[in-house]
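What follows is each chain in one-letter form.
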Amino acid sequence: MFQTRTFFKTLFDEVVTVSVPLFKLMIPIILLVKVLEELGAITLLGQWLGPLMALVGLPEEMGLVWAATIATNIYGGMIVLYSVAADNTLTVAQMTVLGGLLLMAHGLPIETRIAQLAGMRMRVAIITRMLGAFAFAWLLHIFYDQTQTLQEPAQMMWQPQPIPDGLVYWFLAQAKALVMIQIVIIILLTFLKIMRMLGVEKVIQWMLRPLLKLVGIGKEATTITLVGITLGIAFGGGLLIKEAHAGHVSKKDVFTSLILLGFCHSLIEDTLLVILLGAHLSGVLWFRLVFAFMFTSAMSYWLTKVGPEFQQKHLMRP
């Protein structure tokens with residue numbers, strides 16, 4: 001009985017420790033993004049991104065799709081995509097390129113702020129996500145263009161329901177999303193606590209250790225990185241914030257883990273979403289995994305070549 005009470009008390013403390021900073025971060029940013037959207041800032045960003053789309057073989061209108069995704073999430077970008085899809089028939093290759101952009105650079109106001117709280121400079125988080133996403137999309141475009149593969153028209157298999165106009169409907173949609181995040185956090189922390197008690201966490205660390213060691217991520221960050229890869233930055237990042245502030249994970253491991261998670265998170269849900277848009281698994285999963293691990297390895301190696309003073313000043317927060 002005493003052990004059960006202790007278990008739930010410590011679990012409650014962990015849920016509060018992870019949830020409170022996360023929601024204090026997310027709610028103001030959600031409100032700010034909505035204000036910017038109403039002021040036309042997202043449309044303006046789409047106009048800026050439009051000319052870049054030609055470099056990756058996409059119509060200029062896809063700049064607005066990427067802008068909506070950057071500011072909100074993949075669902076937001078999908079809704080915009082369906083509104084412009086009637087005038088732009090994309091091939092599977094093009095949809096895969098677009099899917100790469102959406103997967104690697106979405107929800108940046110929230111996700112880069114999470115990275116900042118965990119220990120990465122925000123400008124580094126934004127630059128690596130944006131440049132990495134564009135570089136990945138360009139490489140996919142070059143590959144599919146040179147090989148002339150996946151040139152058949154893309155078939156969209158699912159369309160998200162748009163949020164009805166009006167602040168009330170928007171507020172209800174955001175509240176529902178936040179409640180779902182809280183439920184997932186509770187389930188996730190309970191699961192991790194049970195795994196820790198049973199020793200499963202150590203087994204997972206042992207299995208993933210060789211792979212993550214190749215990209216410079218220490219064993220202390222293995223489980224948290226796995227959570228981020230499978231469930232997303234909001235969860236893995238929230239745990240990283242907790243562990244980093246407690247001093248359980250080194251700054252280098254936090255930085256390297258966040259680089260990897262920036263390109264490779266929510267691997268199941270997000271990948272399925274862009275596949276339903278008509279993207280091909282080869283690009284949005286396998287090529288993305290290779291790119292994410294190679295980019296992270298390069299960043300980890302670069303960290304060994306720059307001094308602590310440079311890292312502290314330009315890459316990592318105190």
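Below, the structure is looked at part by part. Since we're looking at a predicted model, the values are computed, not measured.

Conventions and cut-offs
- Residues numbered from 1 in each chain as written.
- Predicted model: local features only at pLDDT ≥ 70, side-chain atom pairs only at ≥ 80, totals over all residues.
- Heavy atoms only, no water.
- Helix = DSSP H or I, 4+ residues; strand = E, 2+ residues; numbered from the N terminus.
- Rg over C-alpha atoms; globule rule 2.2 N^0.38 Å.
- Buried < 20%, exposed > 50% of the residue type's maximum accessible area, 1.4 Å probe, protein only.
- Contact = heavy atoms within 4.5 Å.
- Lys, Arg positive; Asp, Glu negative; His and termini not counted.
- Charge placed at Lys NZ, Arg CZ, Asp CG, Glu CD.
- Axes fitted to C-alpha atoms, helices over the stretch in contact; angles between N-to-C directions.
- Parallel < 35°, antiparallel > 145°, perpendicular 65-115°, else oblique.
- Left-handed = near helix turned anticlockwise from the far one by under 90°.
- Polar contact = N/O pair within 3.5 Å; in protein donor to acceptor, adjacent residues only side chain to side chain.
- Expected span 1.5 Å × (residues − 1).
- Core = buried A, V, L, I, M, F, W, Y, C linked by side-chain atoms within 4.5 Å.
- Patch = residues over 30% accessible without salt bridge, like charges linked within 9 Å, V, L, I, M, F, W, Y side chains within 5 Å.
- Areas by Shrake-Rupley, 256 points an atom, 1.4 Å probe, with all protein chains shown as cover.
- Salt bridge = Lys/Arg side-chain N within 4 Å of Asp/Glu carboxyl O.

1. Observations regarding the overall build of the protein
Secondary structure assignment for the protein yields 15 helices and zero strands. Over its C-alpha trace the protein gives a radius of gyration of 20 Å, about what one expects of a compact globule, namely 20 Å for 318 residues. Taking the principal axes of its C-alpha atoms as reference, the protein extends roughly 65 × 50 × 35 Å. Every one of the 318 residues in the protein was classed for burial, and the buried ones make up 50%. By sequence separation, contacts in the protein at least 24 residues apart represent 78% of the contacts at least 6 residues apart. Of the side-chain charges in the protein, 22 are positive and 18 negative, and the distance between the mean point of each set is 16 Å.

2. Concerning the packing of helix H5 (residues 92-104) against helix H14 (residues 281-303)
Close contact between H5 and H14 brings their axes to 10 Å; oriented N to C, the two are set at 55°. Looking at the two axes, H5 sits oblique to H14. Regarding H5 and H14, the two cross each other, and that crossing is right-handed. On H14, the residues touching Thr96, Gly99, Gly100, Leu103 and Met104 of H5 are Gly283, Val284, Arg288 and Phe291.

3. Digging into the side chain of His265
Tracing the backbone through its elements, the reader meets His265 in the loop between helix H12 (251-263) and helix H13 (269-276). Among the polar contacts listed, one links the side chain of His265 to the backbone oxygen of Leu261, at a separation of 2.4 Å. Other than its neighbours up to four places away in sequence, His265 contacts Leu103, His106, Glu111, Arg129, Gly228, Ile229, Gly232, Ile233, Asp270 and Arg288.

4. Side note on the packing of helix H3 (residues 62-71) against H5
Between H3 and H5, the shortest axis-to-axis distance is 9 Å and the interhelical angle comes to 25°. The orientation of H3 with respect to H5, classified from their angle, is roughly parallel. Between H3 and H5 the crossing geometry is right-handed. The residues of H5 that touch H3, namely those facing Met62, Val65, Trp66 and Thr69, are Leu98, Leu101 and Leu102.

5. Examining helix H7 (residues 122-147)
Residue pairs spaced three or four apart in an α-helix point in one direction, given the helix's 3.6 residues per turn. End to end, H7 covers 37 Å across 26 residues, agreeing with the expected 38 Å (1.5 Å per residue, within 8%). Of the residues making up H7, those classed as buried are Val124, Ala125, Thr128, Arg129, Gly132, Ala133, Phe134, Phe136, Ala137, Leu140, His141 and Tyr144.

6. Re the nonpolar core
In this structure, Met62, Trp66 and Phe255 are the most contacted members of the largest nonpolar core, which totals 100 residues. Top element by residues in this core is helix H1 (residues 2-38). It accounts for 11 residues.

7. Structural notes on the environment of Leu277
One can find Leu277 in the loop between H13 and H14. As for Leu277 and Met156, which are separated by 121 residues in sequence, their C-alpha atoms are 4.4 Å apart. Each residue touching Leu277, except ones within four places of it in the same chain, is listed here: Met78, Leu81, Tyr82, Met95, Leu102, Ala154, Gln155 and Met156.

8. A closer look at a nonpolar patch on the surface
A cluster of nonpolar residues, Leu52, Leu55, Trp138, Leu139 and Ile142, forms a patch on the protein surface that exposes about 430 Å² of accessible area. Considering every element that reaches the nonpolar patch, the biggest residue donor is H7, with three residues. With respect to the helices, strands and loops of the structure, Leu55 is situated in the loop between helix H2 (41-53) and H3. What makes Leu55 partly exposed here is its relative accessible area of 49%.

9. Observations concerning unusual backbone geometry
Unlike most non-glycine residues, Gln148 shows phi in positive territory, near 55°. Here Gln148 is to be found in the loop between H7 and helix H8 (167-198).

10. Here we look at the pattern of salt bridges
On inspection of all chains with the given rule, the structure shows two salt bridges. A salt bridge links Arg129 to Glu111; its shortest N-O distance comes to 2.8 Å. Within this pair, whereas Arg129 is found in helix H7, its partner Glu111 is found in helix H6 (residues 108-118), the two being separated by 18 residues in sequence. Given a relative accessible area of 5%, Arg129 falls into the buried group.

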